[in-house]
Amino acid sequence: AQSVTQLDSQVPVFEEAPVELRCNYSSSVSVYLFWYVQYPNQGLQLLLKYLSGSTLVKGINGFEAEFNKSQTSFHLRKPSVHISDTAEYFCAVSDPNSGAGSYQLTFGKGTKLSVIP
Amino acid sequence: ETGVTQTPRHLVMGMTNKKSLKCEQHLGHNAMYWYKQSAKKPLELMFVYNFKEQTENNSVPSRFSPECPNSSHLFLHLHTLQPEDSALYLCASSPLQGANTEAFFGQGTRLTVV
């Protein structure tokens, strides 16, 4: 079974500073990778996804992530954060080899990003 | 607004009560999901429906009973719950049930069992 590790449960960062949220997954075979964001009292919203192709993926709100197969990582980055980026961020993985009759999107425990004015 | 609407947003119920959570999507999606989000735990997939047919049940206790009358609506019927069932219950939908499809989430129902 897949597993996803988000190494930091909380990340405080000053406004306009860069941030990296770390994500590692367990599988050594091909995977699909996702980052979701959850604002307070809201559901999850997709930030970006990696399915194939370029290892650098750009998403909404200025976020990007880099897929590193050898390190089984998919870290999320933003060069300059804003107060409005304060939220919880979830990394998730799914198996492209799962059949049409099965579905499993495995989430990490989440990282709470707090942007300090 | 993601196009997935959940009601109610908040629910407090006693352990002997029976209640239902509702999820509705008008995105034309064919797959719908229930997730449980508890504090300090990863999101847990509970049920998956694909074209109104249940295709996944991740060992969920029978006190949770899903219903999918059509591709646009999904219910979660609750009865004789326990305090540890208190959590945020999230509904999601996707065009198809597939590993590469993005899931669209509702805002969730915050359930408190007393």
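Residues numbered from 1 in each chain as written. Chains lettered and ligands numbered in written order. Predicted model: local features only at pLDDT ≥ 70, side-chain atom pairs only at ≥ 80, totals over all residues. Heavy atoms only, no water.

1. A few points about the overall build of chain A
Here is step 1: Looking only at helices and strands, one finds 0 helices and 12 strands in chain A.
Here is step 2: When the helices and strands of chain A are read in sequence order from the N terminus, they spell out β-β-β-β-β-β-β-β-β-β-β-β.
Here is step 3: Projected onto its principal axes, the C-alpha coordinates of chain A cover approximately 45 × 30 × 20 Å.
Here is step 4: Considering chain A as a whole, with its 117 residues, one finds that 44% of them fall into the buried category.
Here is step 5: The contacts in chain A between residues at least 6 apart in sequence include a share of 57% that link residues at least 24 apart.
Here is step 6: By element, 51% of the accessible surface of chain A is carried by carbon and sulfur atoms, the whole surface being about 5,600 Å². (Helix = DSSP H or I, 4+ residues; strand = E, 2+ residues; numbered from the N terminus. Buried < 20%, exposed > 50% of the residue type's maximum accessible area, 1.4 Å probe, protein only. Contact = heavy atoms within 4.5 Å. Areas by Shrake-Rupley, 256 points an atom, 1.4 Å probe, with all protein chains shown as cover.)

2. Details of the side chain of Asp85(A)
All names here are of chain A.
Here is step 1: Position of aspartate 85 among the secondary structure elements: in the loop between β9 (73-78) and β10 (87-94).
Here is step 2: In this structure the side chain of aspartate 85 is engaged in a polar contact, spanning 2.8 Å, whose partner is the backbone nitrogen of histidine 82.
Here is step 3: If sequence neighbours within four positions are ignored, aspartate 85 has contacts with Phe63, Lys78, Leu113 and Val115. (Polar contact = N/O pair within 3.5 Å; in protein donor to acceptor, adjacent residues only side chain to side chain.)

3. Concerning the state of the cysteines
Residues and elements named next belong to chain B.
Here is step 1: Applying the stated rule across the entire model yields 2 disulfides over all chains.
Here is step 2: What pairs with cysteine 23 in a disulfide is cysteine 91, and their sulfur atoms sit 1.9 Å apart. Here the disulfide of cysteine 23 and cysteine 91 is left-handed, its torsion about the S-S bond being about -75°. Residue cysteine 23 is found in strand β3 (residues 18-25), and its partner cysteine 91 is found in strand β9 (residues 87-94); the two are separated by 68 residues along the sequence.
Here is step 3: Among the residues examined, cysteine 23 registers a relative accessible area of 0% and is labelled buried.
Here is step 4: A disulfide-free cysteine, cysteine 68 has its sulfur positioned 9.1 Å from the sulfur of cysteine 91, the nearest such atom.
Here is step 5: What makes cysteine 68 buried here is its relative accessible area of 11%. (Disulfide = S-S within 2.5 Å.)

4. Let's talk about the nonpolar core
Here is step 1: With 27 residues, the main nonpolar core has Leu33(A), Trp35(A), Leu47(A), Leu48(A), Phe74(A), Leu76(A) and Tyr89(A) as its most contacted residues.
Here is step 2: When residues of this core are traced back to their parent elements, those giving at least two are β2 (10-14), β3 (19-21), β5 (32-38), β6 (44-50), β8 (64-68), β9, β10 and β12 (111-116) of chain A.
Here is step 3: At 4 residues, β10(A) tops the list of elements feeding residues into this core.
Here is step 4: Residues contacting Phe74(A), with those up to four places away along its chain left out, are Cys23(A), Leu33(A), Phe34(A), Trp35(A), Leu48(A), Tyr50(A), Val57(A), Ala65(A), Glu66(A) and Phe67(A).
Here is step 5: Core analysis: the next-biggest nonpolar cluster, separate from the first, contains 22 residues, Val4(B), Leu74(B), Leu76(B) and Leu78(B) among them. (Core = buried A, V, L, I, M, F, W, Y, C linked by side-chain atoms within 4.5 Å.)

5. Regarding the confidence of the model for chain A
Here is step 1: Looking at chain A, the pLDDT average stands at 90 and 91% of residues meet or exceed 70.
Here is step 2: At the low end of the mean pLDDT range in chain A sits strand β11 (residues 106-107) of chain A, at 87; at the high end sits β3(A), at 98. (pLDDT = per-residue confidence, 0-100.)

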